[in-house]
Amino acid sequence: MVRGSALASFIVLCWASSLSAQTIYPIDRAEILAGAKFDFKVELPGPVDPAKLKVTVNGADYATAFGRAGTFIEREDGKDQSALILRDVTLTRPGNVVVDVSDGMGQHSVTWTVYDTGPRKAKNVILFIGDGMSPAHRVAARILSKGISEGKSRGKLAIDDMPHMALVATAGSDSIVTDSANAASAYATGHKSAVNALGVYADRTASPFDDPRVETITSLARRRHGMAIGVVTNTEIEDATPAAMVAHTRRRAAYDEIVEQFFAAKPDVLMGGGSANFLPKSAAGSKRKDETDYIAKFRDAGYQVATTASELGALSAQPETARLLGLFATGNMDGVLDRKFLKGGGVKKFPEQPDLTEQVQAALQLLSRNEAGFFLMVESGMIDKYAHLLDMERAVYDTIMLDNAVRQTREWARARGDDTLILVLADHNHPNSLVGTVNDDMATVPNVPLRERVGVYDRAGFPNYPAPDADGYPARIDVSRRLAIFSASLPDHYETFRPKLDNPNEPTVKADADGTFKANDKYKDVPGAVLRPGNLSAMIGASVHSGEDVILTATGPGSERVHGSMDNTDVFRVMADALGLAAGQ
């Protein structure tokens, strides 16, 4: 009985302690660039008398430390919970910062590190992101685009042939596995965030637009040095990775509002798909919820607008083009396999979509006209979309396309005297592995199930794709000995072990109105198809991300900071240091 009473007292103590705990943003161990703007917030677990609230920064009252007082909210969201918030503050002195909060019932502390940068080293920074690009995608891209003989590659990828390399950890503030939103946000801000969040710390309020903000590298580059800004992708431009370069919201799906934030930020170059959320609600193909015409608004703000590859080439070549908006599909753009070879996906509807290399070439032409330099983010985003759909061939071809864009950019940089820091990495991994080959050369052994044709170890041998063209793409993927790339995260689906030559893979379909998914019967009768039970919930209809480190390679001024094991927030720090973005530099 004594033991039971002691346990009950312990539980009550823990419960009371949890009630008195406060949440402080930025979070503990945050690293903050000297002079970068951020929002300071304290969330209190219950109603608090402001006279009893004490907040200090390195022992001094917070209002003195930050230069002004914040707003005290007695009942946040109308609930019995108080909060203190102060927007757009900065800390300019490097060193450790201890924030203490006491509300009369409990006390909480966090420690931040404010860091400086040296003088500016790079005129430009270009960040290439292969969304969801796993090591398996990189190896497969090398095999297909360079060839392999007796175990040795016949060439290197441009993304691998770089002097500096590191492994980058990707966990977010709320989970060991990130999505593209908080992963790209870490690169853009140097702060951890939660799944679905962009440029904010995800707080407890109902609104997804009032969370504590942290300044992005695009804002800093323009504010500190007057640099030009470019955001280029082949997904919807409102999608998580490109949006993370400018947006502030914890709801990555808020496409209408993200378009509004792009317009407010006004990057000099903005290119991708996703015109549906730029068009007024009454226009064909629109997905907006209002009648605002953002294409017209961008035009009125001085932007030239391109909707095809030929328009893009013509506009970027004109010296008078200062700002460019390129929207080449209502949704995601098509990957290179459909666009160049199979003519599947949305190619019939949008037949003249530019290649990522054409987008990058145009962006470099425009942005390099700014004497103050530029920051450019380039995403090969469909790698991730195809990996989710277990469509490995399409993902690999888009990895080759990313490599081509990096190769041409490195040649551009060399011709200028190497004044540009170039970084290449994924935002997160997919659990894909290259396990061998799928061998259809078994005519002498009839009726062998396809899964028995997966060759491993010495039975894998080498694939027999035809020699690649000048851009590194084999003309055929439906060869008799293909790369076997499998995922460790699976929904129930019919595994055909064959490339999808009509349209991108659709492993699942909605089962019914309850939101669950089932295996797509479209592939049920493909010769040799196997119903593969998944290891994911029926609520998830596609493969999911994984938590392994990603590979970062780099070249150019400032790239020497890339080495060993790094955190995703360190990528921001590498770029900020190369550009000398700290206050006083």
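Residues numbered from 1 in each chain as written. Predicted model: local features only at pLDDT ≥ 70, side-chain atom pairs only at ≥ 80, totals over all residues. Heavy atoms only, no water.

## Section: a nonpolar patch on the surface
To keep things clear, this is the line we draw: Each patch groups residues whose relative accessible area exceeds 30% and which form no salt bridge, using 9 Å between like charges and 5 Å between nonpolar side chains of Val, Leu, Ile, Met, Phe, Trp and Tyr. For every accessible area listed, the method is Shrake-Rupley and the probe measures 1.4 Å; residues are considered covered only by the protein chains on display. Whenever a carboxyl oxygen of Asp or Glu lies within 4 Å of a side-chain nitrogen of Lys or Arg, that contact is scored as a salt bridge. Think of it this way: any DSSP run of H or I at least four residues long counts as a helix, any run of E at least two long counts as a strand, and we number them from the N terminus. Burial status follows relative accessibility: with a 1.4 Å probe on protein chains alone, a residue under 20% of its type maximum counts as buried, one over 50% as exposed, and anything between as partly exposed.
A cluster of nonpolar side chains, Val435, Val456 and Tyr457, forms an exposed patch at the surface whose accessible area comes to about 320 Å². With respect to the helices and strands, the residue Val435 is situated in strand β20 (residues 432-439). Given a relative accessible area of 35%, Val435 falls into the partly exposed group.

## Topic: the confidence of the model for the protein chain
Going by this rule: The pLDDT value expresses, per residue, how confident the predictor is, ranging between 0 and 100. Should any heavy atoms of two residues lie within 4.5 Å, those residues are counted as being in contact.
The predicted model of the protein chain has a mean per-residue pLDDT of 94, with 95% of residues at 70 or higher. With pLDDT under 50 throughout, residues 7-20 is counted as low confidence; its partners more than four residues away or in other chains account for five contacts.

## Topic: the sheet that holds strand β16 (residues 303-306)
Heads up, the condition is: Strands were regarded as paired on the criterion that DSSP finds at least two bridges between them. Here an angle of 0 to 180 degrees is reported between the N-to-C directions of two axes, which are lines fitted to C-alpha atoms, with helices fitted over the stretch in contact.
Pairing is mixed across the open sheet formed by ten strands, whose spatial order is β16-β17-β15-β14-β18-β10-β19-β27-β13-β28. The open sheet is flanked by β16 and β28 (564-567), the only strands paired with a single partner. Here the average twist between neighbouring strands, direction ignored, is 15°. Relative to strand β27 (residues 550-555), strand β19 (residues 420-425) runs antiparallel, the two being bridged by four bridges.

## Some words on the sheet that holds strand β7 (residues 83-89)
Across a sheet, strands are paired by hydrogen bonds formed along the backbone, either parallel or antiparallel in direction. The four strands are arranged β1-β3-β7-β6 in an open sheet whose pairing can be described as antiparallel. In the strand order of this sheet, the two ends are held by β1 (23-25) and β6 (71-73), each with one partner. Strand-to-strand twist in this sheet, taken as the mean axis angle between neighbours without regard to direction, amounts to 15°.

## A short note on the packing of helix α3 (residues 135-146) against helix α13 (residues 392-415)
How we decide: When describing relative orientation, an angle under 35 degrees is termed roughly parallel and one over 145 degrees roughly antiparallel, while 65 to 115 degrees is termed roughly perpendicular and anything else oblique.
Between α3 and α13, the least distance of the axes is 9 Å, while the angle of their chain directions is 75°. The angle between α3 and α13 places the two elements in the roughly perpendicular class. Of α13, the residues touching α3 (which contributes His137, Arg138, Ala140, Ala141, Leu144, Ser145 and Lys146) are Ala395, Val396, Tyr397, Thr399, Ile400 and Arg407.

## Let's talk about the pairing of strand β18 (residues 374-380)
Within β18, seven of the seven residues are buried, leaving the element largely enclosed by the surrounding structure. A two-sided burial pattern is seen for β18, the buried positions comprising Phe374, Leu376, Val378 and Ser380 on one face and Phe375, Met377 and Glu379 on the other. Bridge count between strand β10 (residues 124-130) and β18: six bridges; the pairing is parallel. The residue of β18 that forms the bridge with Leu127 is Met377. Sheet topology note: the strand β14 (residues 228-236)/β18 ladder contains six bridges and is parallel. The residue of β18 that forms the bridge with Ala228 is Phe374.

## Comments concerning the side chain of Ser145
So the rule is basically this: Counted as a polar contact is a pair of N or O atoms within 3.5 Å, where, for protein atoms, one must be capable of donating a hydrogen and the other of accepting one, and residues adjacent in sequence contribute only when both atoms are in side chains.
Note on placement: Ser145 falls in helix α3. Given a relative accessible area of 10%, Ser145 falls into the buried group. At a separation of 2.6 Å, a polar atom in the side chain of Ser145 contacts the main-chain carbonyl oxygen of Ala141. What Ser145 contacts, discounting residues up to four positions off in sequence, is Leu157, Ile400, Pro468 and Gly472.

## Some thoughts on the nonpolar core
Using the following cut-off: Throughout this description, the term nonpolar core refers to a set of buried Ala, Val, Leu, Ile, Met, Phe, Trp, Tyr and Cys residues connected via side-chain atoms within 4.5 Å.
Phe40 and Trp112 are the most contacted members of the largest nonpolar core, which totals 148 residues. Ranked by residues supplied to this core, first place goes to α13 with eleven residues. Beyond its immediate chain neighbours, meaning those up to four positions away, Phe40 contacts Ile24, Tyr25, Val55, Tyr62, Phe66, Leu84, Ile85, Leu86, Val89, Val99 and Trp112. Residues Leu450, Val454, Ala484 and Phe497 belong to the second largest nonpolar core, which totals five residues.

## Concerning helix α14 (residues 568-579)
With respect to burial, α14 is a largely interior element, ten of its twelve residues being buried. Along α14, the residues that are buried comprise Asn568, Thr569, Val571, Phe572, Val574, Met575, Ala576, Asp577, Ala578 and Leu579. In the segment just after α14, Gly580 is the residue with positive phi, at about 60°.

## Some thoughts on the pairing of β16
As judged from the four bridges shared by β16 and strand β17 (residues 323-327), these two strands associate in the parallel manner. Bridging across to β17, Tyr303 finds its partner in Arg323.

## What to know about the environment of Gly106
For Gly106, the position within the fold is in the loop between β8 (95-102) and β9 (107-115). Judged by its relative accessible area of 14%, Gly106 falls in the buried class. C-alpha separation for the pair Gly106 and Arg339, spaced 233 residues apart in sequence, amounts to 60 Å.

## Here we look at the pattern of salt bridges
Taken as a whole, this structure holds 36 salt bridges when the rule is applied. Between Lys192 and Asp567 there is a salt bridge whose closest N-O contact spans 2.9 Å. Residue Lys192 is found in the loop between α4 (180-189) and α5 (217-225), and its partner Asp567 is found in strand β28; the two are separated by 375 residues along the sequence. Judged by its relative accessible area of 22%, Asp567 falls in the partly exposed class. Asp239 is the partner of Arg252 in a salt bridge, and the nearest nitrogen-oxygen pair spans 3.1 Å. Here Asp239 lies in the loop between β14 and α6 (240-243) and Arg252 lies in the loop between α6 and α7 (255-265), a separation of 13 residues in the sequence. By sharing partners, the salt bridges in this structure join Lys41, Glu43, Glu76, Asp203, Arg204, Asp211 and Arg250 into a single network.

## Looking at the packing of aromatic side chains
Put simply, the rule is: Each Phe, Tyr or Trp ring, with Trp reduced to its six-membered ring, pairs with another whose centre is within 6.5 Å; inter-plane angles below 30 degrees give stacked pairs, above 60 give edge-to-face pairs, and intermediate values give tilted ones. Throughout this description, the term charge over a ring refers to an Arg CZ or Lys NZ atom that lies within 6 Å of the ring centre and within 35 degrees of the ring normal.
Under the criterion given, the structure shown has 15 aromatic pairs. Aromatic pair Phe263 and Tyr294: ring centres 5.8 Å apart, planes at 70°, arrangement edge-to-face. With Phe263 in helix α7 and Tyr294 in helix α8 (residues 294-300), this residue pair connects regions lying 31 residues apart in the sequence. Each member of the pair, Phe263 as well as Tyr294, is classed as buried. Ring centres of Phe341 and Tyr473 lie 6.2 Å apart, and the angle between their planes is 75°; on these two criteria the pair is classed as edge-to-face. On the criterion of sequence distance, the pair formed by Phe341 in helix α10 (residues 336-342) and Tyr473 in the loop between β21 (454-455) and β22 (481-487) is long-range, its members being 132 residues apart. Since its relative accessible area comes to 25%, Phe341 is described here as partly exposed. Tyr473 gets classed as buried once you look at its relative accessible area, which sits at 2%. A network of ring pairs unites the aromatic residues Phe38, Phe40, Tyr62, Phe66 and Trp112 as a single cluster. Over the ring of Phe263 we find Lys266; its NZ or CZ atom is 3.8 Å from the centre of that ring. A cation over a ring is seen here: Lys500 above Tyr523, with NZ or CZ 5.7 Å from the ring centre.

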